[in-house]
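An overview of the molecular structure
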Amino acid sequence: TVRPGKALTINEIFRRDAPGVVQVTSTKVVTTTTDPFFDFGVPQTKTRTQALGSGFVIDKAGHIVTNYHVVAGASSVEVSFSNSDNMKARIVGSDPSTDLAVLQIDARSRALSPLVFGNSDRVRVGDSVVAIGNPLGYDRSVTSGIVSAVQRAISAPNQFPIDHVIQTDAPINHGNSGGPL
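Here is a short report on the structure shown in this document. Owing to the predicted nature of the structure, the values given are computational and were not obtained by experimental measurement.

This structure, assessed with the given rule, holds 1 aromatic pair. Between the aromatic rings of Phe56 and Phe117, the centroid separation amounts to 6.2 Å while the plane-to-plane angle is 65 degrees, which identifies the pairing as edge-to-face. Of this pair, Phe56 sits in strand β2 (residues 44–57) while Phe117 is found in the loop between β6 (100–105) and β7 (128–133), placing the two residues 61 residues apart along the sequence.

Structure (structure tokens):
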């Protein structure tokens, strides 16, 4: 909760909310033939590929939100927490058109640190924001900036238009992508 009359510092926000940000690792098995021109009678090779991204805990039931493109086509998904616990996760919901997926893990509720959703209707241009991520096998990262626009439209990876997007100048890149703003 925000203290009345005094905004939290970036460090305070990070210390409070970072435990709710997780790393998501998905594994996909891809079958390829050894000869791209003649695929009949040629031995096939199975290759494991991994995708890494950020996610965040949304409730004590073990639900985690991440980007759909991180888990698309995954044969297995694992979530890593700040205390180095790694847990298997299952995909319980996905929406490629907004690039979102919901995972669920089996964990004791007191071990989870859900983040509280803000009210996007109250976000205004010029508001200060912080993005926390945990991607690419690195420790968590934090960036800050301002809301530079609201009600933007962007395209999802499947080219579906996403309306009512909050635009920020806080760096959201491979070092902290997918984490909450």
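Positive phi outside glycine occurs at Asp99, with the angle close to 55 degrees. Relative to the helices and strands, Asp99 resides in the loop between β5 (86–95) and β6. Although it is not a glycine, His164 adopts a positive phi angle of roughly 60 degrees. With respect to the element layout, His164 can be found in strand β9 (residues 161–168).

All right, on to the environment of Asp17 then. You can see Asp17 is positioned in helix α1 (residues 10–17). Given a relative accessible area of 16%, Asp17 falls into the buried group. A C-alpha to C-alpha distance of 9.5 Å links Asp17 and Phe56, two positions 39 residues apart in sequence.

Next up on the list: the sheet that holds β7. Across the sheet, 3 strands lie side by side as β7-β8-β9; this open sheet has antiparallel pairing. If you trace the sheet from one side to the other, it starts and ends with β7 and β9, each paired once. Strand-to-strand, the axes of this sheet are offset by a mean angle of 55 degrees, without reference to chain direction. Bridge analysis of strand β8 (residues 141–155) against β9 gives 5 bridges, and the strand direction is antiparallel. Paired with Ser155 across the two strands is Pro161, which belongs to β9. On top of the sheet, α1 reaches β7 and β8; it is set at about 40 degrees to β7, its chief contact.

Parameters and conventions
- Residues numbered from 1 in each chain as written.
- Predicted model: local features only at pLDDT ≥ 70, side-chain atom pairs only at ≥ 80, totals over all residues.
- Heavy atoms only, no water.
- Phe/Tyr/Trp six-rings, centres within 6.5 Å; stacked < 30°, edge-to-face > 60°.
- Helix = DSSP H or I, 4+ residues; strand = E, 2+ residues; numbered from the N terminus.
- Buried < 20%, exposed > 50% of the residue type's maximum accessible area, 1.4 Å probe, protein only.
- Pairing = 2+ DSSP bridges.
- Axes fitted to C-alpha atoms, helices over the stretch in contact; angles between N-to-C directions.
- Contact = heavy atoms within 4.5 Å.

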